[in-house]
Amino acid sequence: MKVHIETIGCKLNQFESQALSDALVKKNFSIAEHLEDADFVIINTCSVTNKADVKSRQAMRKAKKLGKRVVVTGCYATTDFDSLLDENSADIIVKNESKFTIPELLEKRLFLEEKTPILENSSEFPIVYQFEKTRAFVKIQDGCNKFCSYCKIPHARGRSRSLEPKIAISFIKNLIAAGYKEIVLTGVNVSDYHCADTGLYELTESILKLRGDFRIRLSSLQPDEFDVRFLDLLMNEKFSPHFHLSLQSGSNGVLGRMERNYTADYFRRLCFRIRQIRPDCGITTDIIVGFPGESEIEFEETLALVKIVEFTRVHIFSYSRRSRTKASLWKDWDGKTKKERVKRLEEISLKSAKTFVEREVIGKEYRILTEINEEGKGIGYTENYLRISTKQKCGGNEFAFVTPRNTIANAGTVELEAE
Ligand code: SF4
């Protein structure tokens, strides 16, 4: 029986799709790379924005149109379970908390015409060893307790919970032994990782003590939960000097309405402290533009903070109303205003990123892991998470040392070129 897995959304969803694929292969299913070749399709959906909902629905419709049996899971399937059930848009609908029962389910119940919610429980922290590239993701946390006023994720992924440190460590030891050079700790709100008296810092510290030539990277962190002890690790060669700190807005007024627990000034001072210790530390972020009630002055406060901080990359989201959130009750901005603000923020963030990279990165030596080789060029990421291309022949799973000489703008981000 051939299965095709369609993944929409974040790194966590990609990690979980990989886990599903591994588990299905262990049950003698084969993975079909193309939808057309599959007997049935698993769609791992996302619901972070309206666009993600639309993409999830399109994927379901496309598979159904091709006469495939459809299993839908992920955040959209979790939050919009009832409407999907009524619409008959999938053969089986599985909420996030039961996502990893799908292989057993398909094995046991292959498409009984019964559309019943599946509530069997199985480990939601799967162990995955097969990653496409040189980087391995480890899911250490799931869920979120913060309930920011615009966000649906706590409804889709439940309360925050963490993987036991000793399981995480043994898993990572095996990944290092398997030759992975970069380990990314991922989750929904990784900053909230804690198990008894082990927090994210303690877990990271234990991983850094492991033997082997590898580096660790943290995925998205909440600014108000940033553990300042991470500053002490910035010169540790095994700790990637890059933080993804989710800002969302540079205006205290908007941050207050978003129910984010920090101020623009707190965020600015945190970035300043980071760069005081490691001037070329990569800082990336997420910003929502066009949040309900965001005045022109408030938007300009966001632009001003972006100029000051000099993020290496800004992921820009146009506000999108999410059901079951507080902000969904507030008056939304028109599409034209949002579009115009996205464009202005893109320009400012690209310009300030270029200024930063030319001042702090160009001419310095970096260790990269080459992920793809195309047209005789190796492409990979530096330790401070900048995409770089090099003519140097780099292969496989080894670090290569390169010195970036130029910057190029690509799809709204600054990239590097080395000899
Ligand atoms: S921290 Fe806020 S934005 Fe992030 S997942 Fe939790 S509720 Fe959503």
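1. Points about the sheet that holds strand β3 (residues 40-45)
With parallel pairing, the 5 strands of this open sheet are ordered in space as β2-β1-β3-β4-β5. Two strands bound the open sheet, and with one partner strand each, they are β2 (30-31) and β5 (92-93). Taken together, the 5 bridges between strand β1 (residues 2-7) and β3 define a ladder with parallel strand orientation. Bridge pairing in β3 links E6 to I43. Lying over the sheet, helix α1 (residues 11-26) contacts β1, β2 and β3, oriented at roughly 175° with respect to β1. This element, helix α2 (residues 50-65), spans β1, β3 and β4 (69-74) of the sheet and lies at about 175° to β3.

2. With respect to the sheet that holds strand β12 (residues 215-218)
One open sheet accounts for 3 strands, arranged β6-β9-β12; its pairing is parallel. Lying at the two open borders of the sheet, with one neighbouring strand each, are β6 (135-139) and β12. Within the sheet, the average angular offset between the axes of one strand and its neighbour, ignoring direction, is 25°. Of the pairings in the sheet, the one linking strand β9 (residues 182-186) to β12 comprises 4 bridges and is parallel in character. Looking at the pairing, I183 lines up with I216 of β12. Packed onto the sheet, helix α7 (residues 165-177) meets β6 and β9 and runs at close to 170° relative to β6. Here helix α8 (residues 200-208) sits on the sheet and contacts β9 and β12; the angle it forms with β12, its principal contact strand, is near 165°.

3. A short note on the pattern of salt bridges
Applying the stated criterion across every chain yields a total of 39 salt bridges. E347 is the salt-bridge partner of K343, the closest N and O atoms lying 2.9 Å from each other. Here E347 and K343 lie together in helix α12 (residues 335-360), a separation of 4 residues that amounts to about one turn. Assessed through its relative accessible area of 47%, E347 is described here as partly exposed. Several salt bridges share partner residues, and in doing so they unite E16, K99, K139, D142, R157 and R161 into one network.

4. Looking at the side chain of R217
Relative to the assigned elements, R217 resides in strand β12. A distance of 3.3 Å separates polar atoms of two side chains, one belonging to R217 and the other to H242. Here E383 takes part through its backbone oxygen, which lies 3.2 Å from a polar atom of the side chain of R217. If sequence neighbours within four positions are ignored, R217 has contacts with E182, I183, V184, L185, S240, H242, T382, E383 and Y385.

5. Structural notes on unusual backbone geometry
Here the phi dihedral of Q248 falls at roughly 75°; this positive angle occurs in a residue that is not glycine. By the element assignment, Q248 lies in the loop between β13 (242-244) and α9 (252-258). By relative accessible area, Q248 is classed as buried at 7%.

6. Quick look at the domain arrangement of the protein chain
Domain parsing of the protein chain yields domain 1 (2-107), domain 2 (124-240), domain 3 (247-360) and domain 4 (366-418). The C-alpha centroid of domain 4 is placed 33 Å from the C-alpha centroid of domain 1.

7. Focus: the environment of T134
Its location among the elements puts T134 in the loop between α5 (102-109) and β6. Look at T134 and you get buried, because its relative accessible area is 6%. Sequence separation between T134 and A411 is 277 residues, and the spatial gap between their C-alpha atoms is 23 Å.

8. Side note on the packing of α7 against α8
Remark: α7 packs on α8, axes separated minimally by 11 Å, with the N-to-C direction vectors making an angle of 30°. On the basis of the axis angle, α7 is roughly parallel to α8. The chirality of how α7 crosses α8 is right-handed. Between α7 and α8, the residues in contact are P165, A168, I169 and I172 and L203, S206 and I207, respectively. Of the residues in the contact of α7 with α8, the class split is 6 nonpolar, 1 polar and no charged.

Conventions and cut-offs
- Residues numbered from 1 in each chain as written.
- Predicted model: local features only at pLDDT ≥ 70, side-chain atom pairs only at ≥ 80, totals over all residues.
- Heavy atoms only, no water.
- Pairing = 2+ DSSP bridges.
- Helix = DSSP H or I, 4+ residues; strand = E, 2+ residues; numbered from the N terminus.
- Contact = heavy atoms within 4.5 Å.
- Axes fitted to C-alpha atoms, helices over the stretch in contact; angles between N-to-C directions.
- Salt bridge = Lys/Arg side-chain N within 4 Å of Asp/Glu carboxyl O.
- Buried < 20%, exposed > 50% of the residue type's maximum accessible area, 1.4 Å probe, protein only.
- Polar contact = N/O pair within 3.5 Å; in protein donor to acceptor, adjacent residues only side chain to side chain.
- Domains from an automatic or database assignment.
- Parallel < 35°, antiparallel > 145°, perpendicular 65-115°, else oblique.
- Left-handed = near helix turned anticlockwise from the far one by under 90°.
- Nonpolar A, V, L, I, M, F, W, Y, C, P; charged D, E, K, R; others polar.

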